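Working through the structure, step by step
Okay, here's what each chain looks like letter by letter:
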Amino acid sequence: MAPCSALHAGALLGLAGHLLMHLLLLLSSGARAQEVSARSYTNYTVLRVTPTTDEQVRTLRGLEDRGVQWWTPPRRNFPCDAMISPDKRNEVVGVFTSLQLQPTVLHQDLQDSIEAENEADRRVRRSTPNTRTWTPFPTLPRRAVPRYQARVDKELQPLLTSRFAPGDAYINNQRYLDFEEITTYIKELAANHPNKVRLHNIGFTHQKRNMTVVQLSNCFECKYKAVWVDAGIHAREWIAPATALFALSQLAENETSTAEMREHQDWFILPVANPDGYEFTHKKDRMWRKTRSNTSVPGCYGADPNRNFDFHWNEIGASSNPCSETYAGRKAFSEIEALNIRNFLYANKERFKLYISYHAYGNFLLYPWGYTADNPDDWKLLRSVAEKVNAAMVQAGSQEYTIGSSTQVLYPAAGGSDDWAKGVAGIPLSYTIELPGFDFGFQLPPSYIDQVARQSFEGLRVFAAEAKKVTRGRSRSPTSRPSQRSFG
Ligand SMILES: [Zn+2]
């Protein structure tokens, strides 16, 4: 709050008025408190356990009702990460012990890790202030927290193969860019490559930020079939926008390496699908996931945009509670960000043969459906494409991805963008990709950007080739009519 101005001496009435004003200011700042101070995660712990029986999985899932937030949901034989508030820690560890599960510590004190991340960012920002600086990998300066840096050094995997020379990256890969920097970069791209890059403003966010889709084309008049990529629909999954941004920088600026991908095929890339949330994670709450709209419950903001799409909306794996991390919204497409994406995709749906949504984390290559355990009719095709993509990424040094339908591999979750893309827009190939988090979760150190982005890009090459082979069938009829928008 701004400091008080000097009081007029002796003015009792003035004093009373001043106090009243002060009180009003306090009240109004109270209402805006979440906008003012950053959320702290002091003494929050993140623990990893790997259940091996269905009984353990059931019990772990039940912990959600007792104050545990699962960053990766409990599944048999998979590492499952739980964020635990300080007051629940003993109780939760007690449950782990009773299940004979030995937890490993990802973040002893989450706030420490957030501060280390901020400190590292400040340092890198000083040495590479602009968006286009590229320095050979890896050059992260020593961190303020040696324990954290030691882990980065230890777990850093060398990039095994890459088709790029070191100087071929065109975007800062040393830190996570904020929304304004990303916007500046894509505007520069469009200005520098008017014959290859066009921007489409598909609408405003709740907080009036522009949502900009970058179109990459060798021939805008040809109206080639196209690939859609979005990233960061969940705000805290920072590696996702960084990966999409790397892809669009390569497609726009690396002619030789990407000629095949752009031949008779357009790309539409939305690097930040939830700009309000993304900004909020940079400024206020590193672990924010949802949009920033108002809800019916004071103090609870936003809906999960990836539960907000109008296809079997809110049937399963979503919440009707506005305070929940998976709140489906007050109705399908209540979130303007999801609505903007729908309007653009739907109006141009005949163009798209492939839909990709980058998320983090856990190394999953997921295809529909999220609303049912049933497979789509063409699941064999979806699976075989994913297997080829995985092979290419592994060849480039990546860990293996787990492949399957969202419901079968992760959990049921209706209202997801990938389900909608296939079920309503009729886009034949539709995937959600959970990028790696290694042992860091959402706070993947920026020294990993380069390898994750490059390895994912090798996967995109395969996706692009496979998309060309697929024919576009008729889409199912939509449940509601979106407004029509077209582009050149
Ligand atoms: Zn996500």
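Residues numbered from 1 in each chain as written. Predicted model: local features only at pLDDT ≥ 70, side-chain atom pairs only at ≥ 80, totals over all residues.

Some thoughts on the overall build of the protein
Short version of the rule: Elements are defined by DSSP. Helices are runs of H or I of four residues or more, strands are runs of E of two residues or more, and each kind is numbered from the N terminus. Exposure classes come from backbone-placed C-beta atoms, where a residue is buried if 20 or more other C-beta atoms lie within 10 Å of its own, exposed if 12 or fewer do, and partly exposed in between. Contact definition: two residues whose C-beta atoms, as placed from backbone geometry, lie within 7 Å.
Secondary structure assignment for the protein yields 15 helices and 12 strands. Burial statistics for the protein: of 488 residues in total, 45% are counted as buried. Long-range contacts, defined as pairs at least 24 residues apart, comprise 76% of the intrachain contacts of the protein with a sequence gap of at least 6.

Section: the sheet that holds strand S2 (residues 68–70)
Stated formally: Two strands qualify as a pair provided that DSSP identifies no fewer than 2 bridges between them. Between the N-to-C directions of two axes lies an angle of 0 to 180 degrees, each axis being a line fitted to C-alpha atoms and, for a helix, fitted only over the stretch in contact.
Strand order across the open sheet formed by 4 strands is S2-S3-S1-S4, with antiparallel pairing between neighbours. The strands lining the two open edges of the sheet, one partner per strand, are S2 and strand S4 (104–107). Between one strand axis and the next, the sheet turns by 35° as a mean value, whatever way the strands run. Here 5 bridges tie strand S1 (residues 45–49) to strand S3 (residues 80–84), and the two strands are oriented antiparallel to one another. Paired with Thr-45 across the strands is Ile-84, a residue of S3.

Digging into the sheet that holds strand S12 (residues 429–435)
Across the sheet, which stays open at both edges, the 8 strands sit in the order S5-S6-S8-S7-S9-S12-S10-S11 with mixed pairing between neighbours. Edge positions in the open sheet fall to strand S5 (197–204) and strand S11 (402–405), since each of these has one partner strand only. On average, each strand axis in the sheet is tilted by 20° relative to the strand beside it, whichever way the strands run. Across 7 bridges, S5 lies against strand S6 (residues 210–216) in antiparallel orientation. Bridging from a neighbouring strand, Phe-204 pairs with Asn-210 of S6. The sheet contacts of helix H12 (residues 379–395) involve strand S10 (364–367), S11 and S12, and relative to S10 the element is tilted by about 160°.

Regarding the UniProt feature "active site" (unreviewed entry) in the protein
We count it as follows: UniProt positions are given in the numbering used here, feature names are shortened, and annotations may be inferred rather than shown by experiment.
Per the UniProt annotation, the sites labelled "active site" (unreviewed entry) are Glu-434. Mapped onto the secondary structure, Glu-434 falls in strand S12. The contact partners of Glu-434, leaving out residues within four places of it in the chain, are His-359, Ala-360, Tyr-361, Gly-362, Asn-363 and Phe-364.

Concerning the packing of helix H8 (residues 239–253) against helix H15 (residues 449–469)
The following threshold applies: Note that the term roughly parallel is reserved for angles under 35 degrees, roughly antiparallel for angles over 145, roughly perpendicular for angles of 65 to 115, and oblique for everything else. Left-handed describes a crossing whose near helix is turned anticlockwise from the far helix by less than a right angle; the clockwise case is right-handed. Polar here means any residue other than Ala, Val, Leu, Ile, Met, Phe, Trp, Tyr, Cys and Pro, which are nonpolar, and Asp, Glu, Lys and Arg, which are charged; Gly is therefore polar.
Between H8 and H15, the least distance of the axes is 9 Å, while the angle of their chain directions is 60°. The orientation of H8 with respect to H15, classified from their angle, is oblique. When the axes of H8 and H15 are compared, the crossing they make is right-handed. When H8 is examined against H15, the residues Ile-239, Ala-242, Thr-243, Phe-246, Ala-247 and Gln-250 are found in contact with a partner set consisting of Ile-449, Val-452, Ala-453, Ser-456, Phe-457 and Leu-460. When the residues that make up the contact of H8 with H15 are grouped by side-chain class, the tally is 9 nonpolar, 3 polar and no charged.

Overview of the confidence of the model for the protein
Formally: pLDDT expresses, on a scale from 0 to 100, how confident the predictor is about each individual residue.
Mean pLDDT over the protein stands at 85; residues scoring 70 or higher make up 81%. Note on residues 134–149: pLDDT under 50 across the span, and 31 contacts to partners over four residues away in sequence or across chains. Below a pLDDT of 50 lies the segment residues 152–167, which in the model reaches 24 contacts outside its immediate sequence neighbourhood of four places, other chains included.

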